[in-house]
Amino acid sequence: IHSKLPDVGTTIFTVMSQMAVEYNAINLGQGFPDFMMSEELIALVNKAMTDGGNQYVHMNGLPLLRERIAEKVEQLYHNPIHANDCITVTPGGTYAIYTSLTSILQAGDEVIVFEPAYDSYIPNIEVNGAIAVRISLQFPSYNIPWHRVKASITAKTKAIIINSPHNPTGAVLHESDIVALREIVAGTNIFIISDEVYEHLIFDGIAHQSILRYPDLMERSFVCFSFGKTYHCTGWKIGYCVAPAPLMKEFRKVHQFNCFSCHSPVQYALATYLQQPTPYLSLGGFMQQKRDYFRSLMQQTPFTLIPSHGSYFECYSYAGFSDEPDKALATRLTKEKGVATIPMSSFYKEGTDNKVLRFCFAKQATTLEKAVERLLQ
Ligand code: GLN
């Protein structure tokens, strides 16, 4: 077979989770909570099924759910978006990003992507015959070097992918980044793909810089969200994309022949559950507590924190005590200490190794305690 993705192997999340199972390690690698989600939301899904909500809903998403999403967007980001034309419910955030890229990319187009990059972005670009123009975030702040972005724009630049709060680094965009982005795209036809799946996981009193706050940028953007990250149900694979009508029209052409329509009972349930803002408004505080606790535990170890303000990941440097390659260390910690993490070089196409591991702290306090105890042994 002539591979469409010759350089692509198995995603690091699967590799590390499998290794964690094999060696009975505590899994701080792949990002998912190890605690229970809302019982109320589960009951709502059960109710939807019992009430007969088991057939296809509209291919763009249950209309009532899209209305609730529009209300949420208006409340949070003061942007009145059209539920019918501008929102599509998707099987997860990753799918929303893939579909956005697939709906706009032609062979030979260039897409600017920042490394470390969430591991689906570059394959999503390349499977479409487009070219990923990779720019490294500044190390160790993981800020975007906007002068380099400016210098990388060509006549073929079709899109820029941004992600805040950022996976894997936890870095968040500030207003100055939005100003720089605006300056770069002004007067061009460049699209923005904004991965905002961690919109509520932002800490230390910082406000999330959603593209949805900025109508001028919104005009050229696909903005992607995830209910799994917000409601502790990553396995439900449900999210949504927001885009202006002409872009959403193209998105839906791809979506209708790929997924068509998402899991119905979950959509009925979410339409009801979304009426309460408390679960998502309280998420940042809840997760910051976990982050702060994990930070305090990690202080006993020789790892050095690379501070950040968002997502449910924290990055730690081990350059101070080892020069082992990060993949080797992550493997050794899983096998010998029983703690799985994600080696940061997996998020660079050419494997740049800054001696950093990513830890997921969306775990029960006892899990975090046990993991750090094991690291100390
Ligand atoms: N988003 C999750 C993470 O970064 C993983 C999702 C997946 O395994 N595909 O850990």
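Residues numbered from 1 in each chain as written. Predicted model: local features only at pLDDT ≥ 70, side-chain atom pairs only at ≥ 80, totals over all residues.

Draft legend 1. Spotlight on unusual backbone geometry. Here the bond from phenylalanine 139 into proline 140 is cis, since omega is 5°, no more than 30 degrees from zero. In this fold, proline 140 is placed in the loop between β4 (131–136) and α7 (146–152). Here the amide bond leading from serine 164 into proline 165 is cis, since omega sits at -20°, within 30 degrees of zero. Residue placement: proline 165 occurs in the loop between β5 (157–163) and α8 (175–185). Of note in the backbone geometry, aspartate 204 takes a positive phi value of approximately 60° without being a glycine. Looking at the element boundaries, aspartate 204 is found in the loop between β6 (191–195) and α9 (215–218). Exposure remark for aspartate 204: the 13 C-beta atoms within 10 Å place this residue in the partly exposed category. A positive phi angle, near 70°, is found at serine 311, a position not held by glycine. Among the structural elements, serine 311 can be located in the loop between β9 (304–306) and β10 (313–317). (Helix = DSSP H or I, 4+ residues; strand = E, 2+ residues; numbered from the N terminus. Buried ≥ 20, exposed ≤ 12 C-beta atoms within 10 Å, placed from the backbone.)

Draft legend 2. Just the domain arrangement of the protein, in detail. Per the domain assignment, the segments of the protein are domain 1 (12–37 + 281–376) and domain 2 (56–275). Contacts between the two partners involve 27 residues from domain 1, matched on the other side by 28 residues from domain 2. When residues of the side of domain 1 that touches domain 2 are traced back to their parent elements, those giving at least two are α14 (283–298) and β10. Here the side of domain 1 that touches domain 2 takes five residues from α14, the largest share from any one element. Of the residues that constitute the side of domain 1 that touches domain 2, the class distribution is 15 nonpolar, eight polar and four charged. (Domains from an automatic or database assignment. Contact = placed C-beta atoms within 7 Å. Nonpolar A, V, L, I, M, F, W, Y, C, P; charged D, E, K, R; others polar.)

Draft legend 3. Structural detail: the site of the ligand. Taken together, Thr11, Phe13, Gln30, Gly31 and Asn167 make up all the residues around the ligand. When the residues that make up the shell around the ligand are grouped by side-chain class, the tally is one nonpolar, four polar and no charged. (Near = placed C-beta within 6 Å.)

Draft legend 4. View of the environment of serine 317. Among the secondary structure elements, serine 317 is positioned in strand β10. Owing to 18 C-beta atoms within 10 Å, serine 317 belongs among the partly exposed residues under this scheme. C-alpha separation for the pair serine 317 and valine 356, spaced 39 residues apart in sequence, amounts to 4.4 Å. The contacts of serine 317, once residues within four sequence positions are left out, are Phe303, Thr304, Ile306, Lys355 and Val356.

Draft legend 5. How the structure looks around the UniProt feature "domain: Aminotransferase class I/classII large" (unreviewed entry) in the protein. Sites flagged by UniProt as "domain: Aminotransferase class I/classII large" (unreviewed entry) map to residues 25–375. The distance from the first to the last C-alpha atom of residues 25–375 is 11 Å, and the span holds 40% helix and 16% strand. (UniProt positions renumbered as here; feature names shortened; annotations may be inferred.)

Draft legend 6. Quick look at the sheet that holds β9. Reading across the sheet, the four strands line up as β9-β10-β13-β12 and stay open at both edges, with antiparallel pairing between neighbours. Both outer strands of the open sheet, β9 and β12 (342–343), are each paired with one neighbouring strand and no more. The pairing of β10 with strand β13 (residues 356–360) spans five bridges and is antiparallel. Following the sheet pairing, tyrosine 316 is matched in β13 by leucine 357. (Pairing = 2+ DSSP bridges.)

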